[in-house]
Amino acid sequence: MARIEVTVDGVRYVDEVEPRLLLVHYLRERLGKVGTPIGCDTSNCGACTVHIDGSSAKSCTVLAVQADGTEVTTVEGLVRDGELHPVQQAFHDNHALQCGFCTPGMIMASIDLLNENPEPTDEEIRHGLEGNLCRCTGYQNIVRAVRQAAGGGPAAGRSPAAEGSPAAAEVTA
Amino acid sequence: MAWPLGGHAGGTVIPPEFDYLRPHSVSDAVTELGRVGEDAKVLAGGQSLLPLLRLRLAYPTALVDLAGVGELRGVRQDGDQLVIGAMTTHHEVLRDPLILRYAPVLAQATATVADPAVRHRGTLGGALAHADPAGDLPAVALALDAAFVIEGPDGRRTVPATEFFSDYLETAIGPGELLVEIRVPALGPEWGTAYEKFNRVAQAWAIVGVAALVRREGDTIAEARIGLTNMGPTPLRASAAEAALAGVSLHNGGIAAAAGLAAEDTEPSADLSAQPDYRQHLARVLTGRALRAAAAAAS
Ligand SMILES: Cc1cc2nc3c(=O)[nH]c(=O)nc-3n(C[C@H](O)[C@H](O)[C@H](O)COP(=O)(O)OP(=O)(O)OC[C@H]3O[C@@H](n4cnc5c(N)ncnc54)[C@H](O)[C@@H]3O)c2cc1C
Ligand code: FES
Ligand code: FES
């Protein structure tokens, strides 16, 4: 077993984990953060995308031990003071989902994209979301949502982790 | 494509058990590798290794994670060379001012690797050590005449790219050794470069890729270097095409004639994406495109 200290959605956890435990399993099965789904077993679909220290990562392709000392943000950590994150709101407004399975990863990847490039062209949005597969929407409304979020200003590219987390509660296993 | 697709209904497969070690210096990493023995594996970004572990295609007893080894990160200039730390991520390569100025072909190829999330974690050293024939960066390293600095229990040694990629998924890195840095020549503005990759869907591996480096003297090509991705078990140089390009004018069909030689001496494999003769056709077409783009980029 290995000891990790990791902040997830503003809460600091100290846990003992098996080295082979994947971050996505840690999030879902230990912390109950089932907002982050698993869509494939080949690292291709992007459904499991989270932010580690503010940068997107596929949590099925990261070990929990590799997240030691980092700040992880999942789709569950985006709401601030009861307000949806601008990218969440834009997905809602533009009907950018159907079954919703890809949506958490799509939103986390979109925030990362807007953080890198606050005013992307449609072409850049499509390339930036290359690692996230959607089987339902045909992507049109997803691109529209990202475009709308970008139009709302730089807050759309902000990952809560990058702003420093609120006074974190601590949870020890 | 290095690993089979799908086949595991019911979700993510859990990797086999292993110990996890996190050294903080290259020498500690070498010590740990030596202590665990042959079944230890280096963990860099994990973007090739973790998929393999999940599919149970590898069973290391221990992973030696290099993430805590700060000296393996970053890019610096050393005389007429750039020195790139093995743990420099794809994301960092794409934004590094020295690489963009002196070795842009590395950034051009890295931009086609995977997707932003994978590029945040995957490393240049990991991609080269993994030596996937469909990987985009080995052919670029070969075309750049890169030198590979490897450290092990007997100290450091430097291996030229021509000897580094020894076979399918195999390199000159021996058991107990690790790749420390990659040295590439700093190219001046008389060099133009391009990477042409052919694949059919987004985020896919190359069916064939071609890296071209061209040194121009006015309207002629003084020197060209061409690296081929996925045209055999290791990356290859298109030597016949390179030889045909020396002294060729940009204007009278010389590039097209040389590109026609790009598949000489190659034995590409057959898979679901392509048959060997189709890969050879792609190599010729992509070499023509890459050469023209590279020549246009040189001043
Ligand atoms: C969905 C997806 C799509 C991809 N698409 C592409 C693509 O289009 N083109 C492409 O080129 N690549 C692609 N990749 C692979 C990507 O480039 C990986 O990041 C890279 O191949 C491995 O780098 P890493 O740092 O993650 O290495 P790891 O996965 O950590 O390691 C890979 C191998 O190299 C060894 N190793 C790593 N570092 C060292 C070192 N310093 N010394 C000695 N041995 C070392 C490890 O032991 C392991 O055997 C893709 C990956 C994914 C998940
Ligand atoms: S679950 Fe598909 S990429 Fe992680
Ligand atoms: S909404 Fe169903 S997969 Fe994207």
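All values reported here derive from a predicted model rather than from experimental measurement. Here the residue index of a chain counts from 1 through its sequence in written order. Lettering of chains starts at A and numbering of ligands starts at 1, both following the order in which they are written. Per-residue local features of the predicted model are confined to residues with pLDDT of at least 70, and side-chain atom pairs are confined, for both listing and counting, to 80 or more; whole-chain, interface and lining totals are unaffected and use all residues. Working from all heavy atoms in the structure, the side-chain values ignore hydrogens and water.

**As for the overall build of chain B**
So the rule is basically this: The numbering of helices and of strands both runs from the N terminus, where a helix is a DSSP run of H or I of at least 4 residues and a strand a run of E of at least 2. Each radius of gyration is computed over the set of C-alpha atoms, and the globule rule expresses the reference value as 2.2 Å times the number of residues to the power 0.38. Residue exposure (1.4 Å probe, protein chains only): buried if accessible area is under 20% of the type maximum, exposed if over 50%, otherwise partly exposed. Note on definitions: a residue-residue contact is assigned when non-hydrogen atoms from the two residues lie within 4.5 Å. Surface accessibility follows the Shrake-Rupley procedure with a 1.4 Å probe radius. Residue values consider only the protein chains on display as shielding. Positive residues here are Lys and Arg, negative ones are Asp and Glu, while His and the chain termini are left out of the count. Charge placement uses NZ in Lys and CZ in Arg. For Asp and Glu, CG and CD serve respectively.
Along its length, chain B carries twelve helices and 15 strands. Radius of gyration (C-alpha) of chain B: 19 Å, near the 19 Å computed for a compact globule of 299 residues. C-alpha atoms of chain B, sized along the principal axes, occupy 60 × 50 × 30 Å. When burial is assessed residue by residue, chain B has 56% of its 299 residues classed as buried. Contacts in chain B between residues at least 24 apart in sequence constitute 62% of all its contacts with a sequence separation of at least 6. About 12200 Å² of surface is accessible on chain B, with carbon and sulfur atoms providing 50% of the total. Averaging the coordinates of the 24 positive side-chain charges in chain B and doing the same for the 34 negative ones gives two points 7 Å apart.

**Side note on the interface of chain A and chain B**
As a reminder, the rule being used: Buried area: the accessible area, evaluated with a 1.4 Å probe, that two parts lose upon being put together, summed over both parts. Think of a salt bridge as a Lys or Arg side-chain nitrogen and an Asp or Glu carboxyl oxygen that are within 4 Å of each other. Residues adjacent in sequence count toward polar contacts only when both atoms are side-chain atoms; beyond that, a polar contact is any pair of N or O atoms within 3.5 Å, and within protein one must be able to donate a hydrogen and the other to accept it. We call Asp, Glu, Lys and Arg charged. Ala, Val, Leu, Ile, Met, Phe, Trp, Tyr, Cys and Pro are nonpolar, and the rest, Gly among them, are polar.
Across the boundary between the two partners, chain A contributes 29 residues, which contact 38 residues of chain B. Each partner contributes to the roughly 2700 Å² buried at the junction of chain A and chain B, and carbon and sulfur atoms together form 53% of this total. Seen at the junction of chain A and chain B, the total is four salt bridges. The shortest N-O distance in the salt bridge between Arg22 of chain B and Asp68 of chain A comes to 3.9 Å. Applying the counting criterion to the chain A and chain B interface returns nine residue pairs in polar contact (both at pLDDT 80 or more). Put simply, the parts of the chain that give the side of chain A that touches chain B at least two residues each are strand E4 (55–58), helix H3 (103–116) and helix H4 (122–128) of chain A. Sorting elements by how many residues they give to the side of chain A that touches chain B places E4 of chain A first, with four residues. Among the residues forming the side of chain A that touches chain B, the class breakdown is ten nonpolar, eleven polar and eight charged.

**Focus on the domain arrangement of chain A**
Residue and element names in this part refer to chain A. The line we're drawing: The split into domains, and so the bounds of each, comes from an automatic or database assignment of domains.
If you check the domain split of chain A, you get domain 1 (2–77 + 160–172) and domain 2 (86–157). Taken together, the 18 residues of domain 1 in the interface contact twelve residues of domain 2. Together domain 1 and domain 2 conceal approximately 1100 Å² of surface at their shared face, both sides included; 61% is due to carbon and sulfur atoms. Summed over the three residues of domain 1 that lose the most area to domain 2, namely Thr49, His51 and Val75, the buried surface amounts to 40% of that side.

**Things to note about the pairing of strand E6 (residues 147–152) of chain B**
Residues in a regular strand point their side chains to alternate faces of the sheet. Residue and element names in this part refer to chain B. Formally: One requirement defines pairing of two strands: DSSP has to find at least two bridges between them.
Burial within E6 is extensive, with six of its six residues counted as buried. The side-chain alternation of E6 yields two buried faces, one formed by Ala147, Val149 and Glu151 and the other by Phe148, Ile150 and Gly152. As judged from the six bridges shared by E6 and strand E7 (residues 155–160), these two strands associate in the antiparallel manner. Looking across to E7, one finds that Glu151 is bridged to Arg156. Counting the residues that bridge the hairpin from E6 to E7 gives two residues. Where E6 lies against strand E10 (residues 178–185), five bridges are found, and the strand directions are antiparallel. For Phe148, the partnering residue across the bridge sits in E10 and is Ile182.

**Considerations on the site of ligand 1**
Here is the rule: Throughout, near means a residue has at least one heavy atom within 4 Å of the molecule or strand.
In the vicinity of ligand 1 there are 32 residues, among which Val42, Gln47, Leu49, Thr123 and Asp136 of chain B approach most closely. Those residues lying near ligand 1 are distributed over chains A and B. Take Val42 of chain B: an N or O atom from its main chain is 2.6 Å from an oxygen atom of ligand 1. A distance of 3.5 Å separates an oxygen atom of ligand 1 from a polar atom in the backbone of Ala204 of chain B. In isolation ligand 1 has 980 Å² of accessible area, and contact with the protein removes 96% of it. For the shell around ligand 1, the secondary structure elements donating two or more residues are strand E2 (40–43), helix H7 (124–130) and E10 of chain B. Per-element accounting of the shell around ligand 1 gives the leading share, four residues, to H7 of chain B. Considering only residue class, the shell around ligand 1 consists of 16 nonpolar, 13 polar and three charged.

**Concerning the sheet that holds E7 of chain B**
Either a parallel or an antiparallel arrangement is found when strands of a sheet pair, and the pairing is made through backbone hydrogen bonds. Residues and elements named next belong to chain B. The cut-off we apply is this: To get an axis, a line is fitted to the C-alpha atoms, and for a helix only the part in contact is used. The angle between two axes follows their N-to-C directions and goes from 0 to 180 degrees.
One open sheet accounts for five strands, arranged E4-E5-E10-E6-E7; its pairing is antiparallel. Two strands lie at the open edges of the sheet, namely strand E4 (75–78) and E7, each paired on one side alone. Direction aside, neighbouring strands of the sheet carry axes that sit 25 degrees apart on average. Seen against the sheet, helix H1 (residues 26–36) touches E6 and E10 and runs at an angle of roughly 135 degrees to E10.

**Observations concerning the packing of aromatic side chains**
Residue and element names in this part refer to chain B. The criterion, for reference: Aromatic rings from Phe, Tyr and Trp, taking only the six-membered ring of Trp, are treated as a pair when their centres fall within 6.5 Å; an angle between ring planes under 30 degrees marks them as stacked, one over 60 as edge-to-face, and anything in between as tilted.
Overall, the coordinates contain three aromatic pairs over all chains when judged by the stated rule. Centre to centre, the rings of Phe148 and Phe165 are 5.7 Å apart; their planes meet at 85 degrees, and the pair counts as edge-to-face. Linking Phe148 in strand E6 with Phe165 in strand E8 (residues 165–167), this pair joins segments that are 17 residues apart in sequence. By the ring-pair criterion, three or more aromatic residues cluster together here, those being Phe148, Phe164 and Phe165.

**As for the domain arrangement of chain B**
Residues and elements named next belong to chain B. Here the domain parsing of chain B yields domain 1 (2–65), domain 2 (75–185) and domain 3 (191–297). For domain 1 and domain 2, the distance between their C-alpha centroids amounts to 20 Å. Contact with domain 1, which involves 13 residues of that partner, is made by 16 residues of domain 2. Note on domain 1 versus domain 2: buried area summed over both sides is about 1100 Å², and carbon and sulfur give 73% of it. Our count for the contact surface shared by domain 1 and domain 2 stands at zero salt bridges. Linking domain 1 to domain 2 there are zero residue pairs in polar contact (both at pLDDT 80 or more). In terms of residue count, the dominant contributor to the side of domain 1 that touches domain 2 is H1 (five residues).

**Digging into the sheet that holds E2 of chain B**
All names here are of chain B. Spatially, the three strands line up as an open sheet ordered E1-E3-E2, and their pairing is parallel. Every other strand in the sheet has two partners, leaving strand E1 (19–21) and E2 as the edge strands with one partner each. With strand direction ignored, the average angle separating the axes of adjacent strands in the sheet is 25 degrees. Both E2 and strand E3 (residues 62–65) contribute to a ladder of four bridges, which runs parallel.

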